[in-house]
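# Examining the three-dimensional arrangement
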Amino acid sequence: MSDQTTKLLADGFHFLEGPRWRDGWLWMSDIGAGAVVRMRPDGLSERVIDVPGVPSGLGFLPDGTPIVVSVNRRSLHRIVGDRLEPHADLSELVDSPINDMVVDGRGRAYVGCMGYEFFQGAPSKPGSILMVELDGAARVVAEDLSFPNGMVITSEGRLAVGESFASRLTSFAIDEDGSLGDRRVELDLGGTPDGICLDVEDGIWIALLEQGLARVKDGRIVDRVATRGARAIACQLGGDDGRTLFCLTFKGAVADIGKVPGASVETARVETRGAGSP
C-alpha cells in the first residue's frame with residue numbers, strides 16, 4: 001500500500017463534481033459556478049457551457065456527444081457546440097434532485113436520485129437509480145439506496161455505486177435490457193464515498209471525503225492516497241498514460257457550496273491506468 005499525498009494542480013473553483021477524462025481533457029461540473037469546465041493536464045482550464053439548475057454528473061454518448069445532469073431541473077442535456085439540447089426529462093419519475101451519472105457503451109445513462117432535498121436539510125429518505133435509453137426513454141431500475149453517488153461499470157458488466165450515507169460500495173448486474181439485479185454489497189468502507197472511478201484491473205478508486213482516496217479491489221482496500229488537507233469529493237484517472245489520478249477537493253462545509261471558491265484539482269501518480277470514462 002503506497003504512502004503518498006496529492007499535489008495541487010489548480011484551484012479557484014467553487015465546487016467540482018463529475019470528472020470525466022476525454023480526448024486529452026478533464027471534464028468537470030463546477031456546481032457553484034453553474035457551468036461545465038474542462039482542463040488540460042497542465043492545469044489550463046476553460047469554461048465549456050453554463051447549465052441551468054446546477055450541473056453535476058457528466059458522460060459521453062457513443063458518438064462522443066457530452067451529456068450533463070441538471071440537478072434541480074431533474075433532466076439530462078446534450079452539449080452540442082455552444083448550446084444545450086434536451087436529452088431526457090426525469091421530473092415525472094423522481095421527486096428530489098438527481099446527481100451523479102455513468103453512461104455505458106450503448107449510450108444508456110444511469111443516474112442517481114438523492115431521494116430527498118439534501119441541500120435544503122430535509123429528512124433523509126432512500127434514493128434510486130434511473131436508466132435513460134439513448135432515445136431519452138427512462139425508468140427506475142433500482143430503489144432503496146442510501147444517497148447513491150459515484151458510479152462505474154466494470155468489465156464484468158456490473159454497475160458499482162457508492163452509497164454515501166451507508167458507507168458502502170454496492171454493485172448490480174446489468175441485464176440485457178438495462179435493468180439492474182443481483183444486488184450485493186462489495187465492501188463496507190468505514191467512510192463516506194462520493195465520486196468513484198475505474199482502472200483496467202477493475203480496481204475502483206473512491207473519494208472518501210475526510211479520509212482521502214482509497215482503491216478497492218477484490219473486496220478490500222489495497223491502496224490509499226491522502227489529499228492536501230481538503231475533502232476528497234470525486235476522482236478520475238487520465239493523463240497521457242492514464243496513470244494520473246485527478247482528485248477534486250473542497251475546503252468548507254455543505255453550507256459553503258456555491259458561496260465562495262473552495263475547490264481544487266489535485267493529482268497523484270498511480271500504477272494502474274484508467275479504464276476510460278467512467
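Before any of the text, the structure's been laid out above.
Residues numbered from 1 in each chain as written. Predicted model: local features only at pLDDT ≥ 70, side-chain atom pairs only at ≥ 80, totals over all residues. Heavy atoms only, no water.

This paragraph deals with the overall build of the chain. Across its full length, the chain holds zero helices and 25 strands. In terms of overall dimensions, the chain is globule-like: its C-alpha atoms have a radius of gyration of 17 Å, near the 19 Å expected for 278 residues. Taken along its principal axes, the extent of the C-alpha atoms in the chain is 45 × 40 × 40 Å. Looking at the chain as a whole, 55% of its 278 residues are labelled buried. For the chain, the proportion of contacts with a sequence separation of at least 24, taken over those separated by at least 6, is 45%. (Helix = DSSP H or I, 4+ residues; strand = E, 2+ residues; numbered from the N terminus. Rg over C-alpha atoms; globule rule 2.2 N^0.38 Å. Buried < 20%, exposed > 50% of the residue type's maximum accessible area, 1.4 Å probe, protein only. Contact = heavy atoms within 4.5 Å.)

Glancing now at the sheet that holds strand E5 (residues 35–39). Taken together, four strands build an open sheet; the order of strands is E3-E4-E5-E6 and the sheet is antiparallel. The sheet terminates laterally at strand E3 (16–22) and strand E6 (45–50), the two strands that pair on one side only. Shown here is a sheet whose adjacent strand axes are inclined to one another by a mean of 25 degrees, direction ignored. The sheet contact formed by E3 and strand E4 (residues 25–30) spans five bridges and is antiparallel. Bridge pairing in E4 links Glu17 to Ser29. (Pairing = 2+ DSSP bridges. Axes fitted to C-alpha atoms, helices over the stretch in contact; angles between N-to-C directions.)

Applying the stated criterion to the full structure yields eight aromatic pairs. Judged by centre distance (6.3 Å) and plane angle (70 degrees), the rings of Tyr116 and Phe147 are edge-to-face. One end of the pair, Tyr116, is in the loop between strand E12 (109–113) and strand E13 (127–132); the other, Phe147, is in the loop between strand E14 (138–145) and strand E15 (148–153), and 31 residues separate them in sequence. Accessibility expressed as a relative area gives 9% for Tyr116, which makes it buried. The exposure class assigned to Phe147 is buried, which follows from its relative accessible area of 6%. Through a chain of ring-to-ring contacts, three or more aromatic side chains come together here, namely Tyr116, Phe118, Phe147 and Phe165. Above the plane of the ring of Trp25 lies Arg38, whose end atom (NZ or CZ) is 4.1 Å from the centre. (Phe/Tyr/Trp six-rings, centres within 6.5 Å; stacked < 30°, edge-to-face > 60°. Lys NZ or Arg CZ within 6 Å of the ring centre and 35° of its normal.)

Within the secondary structure, Thr65 is located in the loop between strand E7 (55–60) and strand E8 (66–70). Among the polar contacts listed, one links the side chain of Thr65 to the side chain of Asp63, at a separation of 2.9 Å. Apart from the residues lying within four places of it in its own chain, the contact partners of Thr65 are Gly59, Phe60, Arg78, Ile79 and Val80. (Polar contact = N/O pair within 3.5 Å; in protein donor to acceptor, adjacent residues only side chain to side chain.)

So, on to unusual backbone geometry. Look at Ser167: it is not a glycine, yet its phi comes out positive at around 55 degrees. Here Ser167 shows up in the loop between strand E16 (158–163) and strand E17 (168–174).

The strands that make up a sheet are held in pairs by hydrogen bonds between backbone atoms, and each pair lies either parallel or antiparallel. As summarised here, the arrangement of the four strands in space is E7-E8-E9-E10, forming an open sheet in which the pairing is antiparallel. Only two strands of the sheet have a single neighbouring strand rather than two, namely E7 and strand E10 (83–89). Going across the sheet, the axis of each strand differs from the next one's by a mean of 30 degrees, ignoring polarity. Of the strand pairs in this sheet, strand E9 (residues 75–80) and E10 are connected by six bridges, and their pairing is antiparallel.

For the structure on display, the rule yields 20 salt bridges. In this structure, the salt-bridge partner of Asp23 is Arg22, at a minimum N-O distance of 3.9 Å. Residue Asp23 is classed as exposed on the basis of its relative accessible area, which comes to 67%. Arg22 sits in the partly exposed class, given a relative accessible area of 29%. The shortest N-O distance in the salt bridge between Glu201 and Arg215 comes to 3.1 Å. Taken together, the residues Glu201 in the loop between strand E19 (196–198) and strand E20 (204–207) and Arg215 in strand E21 (residues 213–217) connect sequence positions 14 residues apart. (Salt bridge = Lys/Arg side-chain N within 4 Å of Asp/Glu carboxyl O.)

Along the chain, Thr227 turns up in the loop between strand E22 (220–226) and strand E23 (231–238). On the basis of relative accessible area, Thr227 is assigned to the buried category, the value being 13%. Measuring from C-alpha to C-alpha, the distance between Thr227 and Gly262 comes to 14 Å, with 35 residues separating the pair along the chain. When residues no more than four places from it in sequence are discounted, the contact partners of Thr227 are Thr5, Thr6, Gly212, Leu213, Ala232, Cys247, Thr249 and Glu266. At a separation of 2.6 Å, a polar atom in the side chain of Thr227 contacts the main-chain carbonyl oxygen of Ala230.

This part takes up the state of the cysteines. Following the criterion strictly, the structure yields zero disulfides and no others. You can see Cys197 has no disulfide; the closest cysteine sulfur is in Cys235, sitting 3.8 Å from it. (Disulfide = S-S within 2.5 Å.)

That is the geometry; function is a separate question.
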